[in-house]
Amino acid sequence: MPRDIEQEQQNEPIDLNPPFSREAVEVLEREAVFKGFFTMLRLTLRHRLFRGGWSGEMQRELFVRDPAVGVLLYDPGRDQVALTEQFRIGALDRAGGPWCLEVVAGMVEEGETLEEVARREVLEEAGLKVGALRYIRSYLPSPGGSSERMHLFCALVDLSEAGGHFGVSDEHEDIRLRVLPCEQVLAALEGGDPDGTPIDNAASIISLQWLRRHREELRAAG
């Protein structure tokens, strides 16, 4: 019996880290095949194999994107959530149309901390100043082809006068901020429609699942 399966059956602690590190990948060539707002690279590489030895040479395209920050806006006193609604080209063929409900989000610019990005983006996309920020987690949205890492926060805000239209016009942003009952938003996560529900992007789903788990704690803290 393989050792890892035997460990699982005996309920022993298992190291979840892979046996290899970055040094187990040899990049032989790196070519920029597109440079615009984003960059696409074509890499020629080989890597170590679990069964031993090295793979043959292969080519992989990599969509290069800087780190980003997502911020869920929650008012614990009113038990309300604010989500942005805007056009997204990646959702062009979605059954419900390409206007998506999302958490506030933006890319990290050089010299900025993650918290500074969170506060800047909330001001730009929601017109709100952020007090307390709760860190949720970071993750890779699409490691099969993109270098982007997303960092998620929850901002505790006063939504009593929130709403309206926002965005940077030079970047063709057209954003509507919607303030919604938390219960209604959490219920929307249970849609299960394979063609897409009103909230079907990873950053928003992860953030709202975190809120579901910590909602009562946040409300009790005031």
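Residues numbered from 1 in each chain as written. Predicted model: local features only at pLDDT ≥ 70, side-chain atom pairs only at ≥ 80, totals over all residues. Heavy atoms only, no water.

1. Comments concerning the overall build of the chain
Of the regular secondary structure elements, the chain holds 4 helices and 11 strands. With the C-alpha coordinates aligned to their principal axes, the bounding extent of the chain is approximately 60 × 50 × 40 Å. Out of the 222 residues in the chain, the part that is buried amounts to 35%. Long-range contacts, defined as pairs at least 24 residues apart, comprise 53% of the intrachain contacts of the chain with a sequence gap of at least 6. A total accessible area of about 13,700 Å² is found for the chain, and carbon and sulfur atoms account for 49% of it. Averaging the locations of the 25 positively and 39 negatively charged side chains of the chain gives two centres separated by 3 Å. (Helix = DSSP H or I, 4+ residues; strand = E, 2+ residues; numbered from the N terminus. Buried < 20%, exposed > 50% of the residue type's maximum accessible area, 1.4 Å probe, protein only. Contact = heavy atoms within 4.5 Å. Areas by Shrake-Rupley, 256 points an atom, 1.4 Å probe, with all protein chains shown as cover. Lys, Arg positive; Asp, Glu negative; His and termini not counted. Charge placed at Lys NZ, Arg CZ, Asp CG, Glu CD.)

2. Some thoughts on the UniProt feature "binding site: Mg(2+)" (unreviewed entry) in the chain
Per the UniProt annotation, the sites labelled "binding site: Mg(2+)" (unreviewed entry) are Ala 105, Glu 121, Glu 125 and Glu 173. Their sequence span is 69 residues, while the largest C-alpha to C-alpha distance among them is just 12.3 Å; these annotated residues converge on one region. Lining the largest pocket, from the residues named above, are Ala 105, Glu 121, Glu 125 and Glu 173. Among the residues examined, Glu 121 registers a relative accessible area of 6% and is labelled buried. In contact with Glu 121, not counting residues within four places along its chain, are Val 104, Ala 105, Gly 106, Met 107 and Ala 126. Within the structure, the side chain of Glu 121 is placed 2.7 Å from the side chain of Arg 120, a separation counted as a polar contact. By secondary structure assignment, the location of Glu 125 is in helix α2 (residues 114-126). When sequence neighbours within four positions are dropped, the list of residues in contact with Glu 125 reads Thr 84, Gln 86, Val 104, Ala 105, Phe 166, Glu 173 and Ile 175. Within the local environment of Glu 125, its side chain forms a polar contact with the backbone nitrogen of Ala 105, the two atoms lying 3.4 Å apart. (UniProt positions renumbered as here; feature names shortened; annotations may be inferred. 1 Å grid on protein atoms, 1.4 Å probe; cavity = no way out; pocket = protein on both sides within 12 Å on 5 of 7 lines; lining within 4 Å. Polar contact = N/O pair within 3.5 Å; in protein donor to acceptor, adjacent residues only side chain to side chain.)

3. Brief notes about the pattern of salt bridges
Under the criterion given, the structure shown has 18 salt bridges. The partner of Arg 42 in a salt bridge is Glu 31, with the nearest N and O atoms 3.6 Å apart. One end of the pair, Arg 42, is in strand β2 (residues 39-47); the other, Glu 31, is in strand β1 (residues 25-35), with 11 residues separating them in the sequence. Note on Glu 31: relative accessible area 36%, which makes it partly exposed. For Arg 120, the salt bridge goes to Glu 112, with nearest N and O atoms at 2.7 Å. Linked through salt bridges whose partners overlap, the residues forming this network are Asp 79, Glu 183, Arg 215 and Arg 219. (Salt bridge = Lys/Arg side-chain N within 4 Å of Asp/Glu carboxyl O.)

4. Considering the environment of Gly 53
Relative to the helices and strands, Gly 53 is located in the loop between β2 and β3 (58-64). Residue classification places Gly 53 among the partly exposed residues on the basis of a relative accessible area of 39%. Contact partners of Gly 53, with chain neighbours within four places excluded, come to His 47 and Arg 48.

5. Concerning the packing of aromatic side chains
This structure, assessed with the given rule, holds 5 aromatic pairs. Geometrically, the ring pair formed by Phe 20 and Phe 50 is stacked, given 5.6 Å between the ring centres and 20° between the ring planes. One end of the pair, Phe 20, is in the loop between α1 (3-9) and β1; the other, Phe 50, is in the loop between β2 and β3, and 30 residues separate them in sequence. On the basis of relative accessibility, which here comes to 72%, the residue Phe 50 falls in the exposed class. Between Tyr 135 and Phe 153 the ring centres are 5.5 Å apart and the planes differ by 70°, which places this aromatic pair in the edge-to-face class. Remark: Phe 153 occurs in strand β9 (residues 150-156) and Tyr 135 occurs in strand β8 (residues 133-139); sequence separation between them is 18 residues. On the basis of relative accessibility, which here comes to 3%, the residue Phe 153 falls in the buried class. Every member of this aromatic cluster is reached through a ring pair, and the members are Phe 37, Phe 38 and Phe 63. Of note, Arg 46 hangs over the ring of Trp 54, and the distance from its end group to the ring centre comes to 4.3 Å. (Phe/Tyr/Trp six-rings, centres within 6.5 Å; stacked < 30°, edge-to-face > 60°. Lys NZ or Arg CZ within 6 Å of the ring centre and 35° of its normal.)

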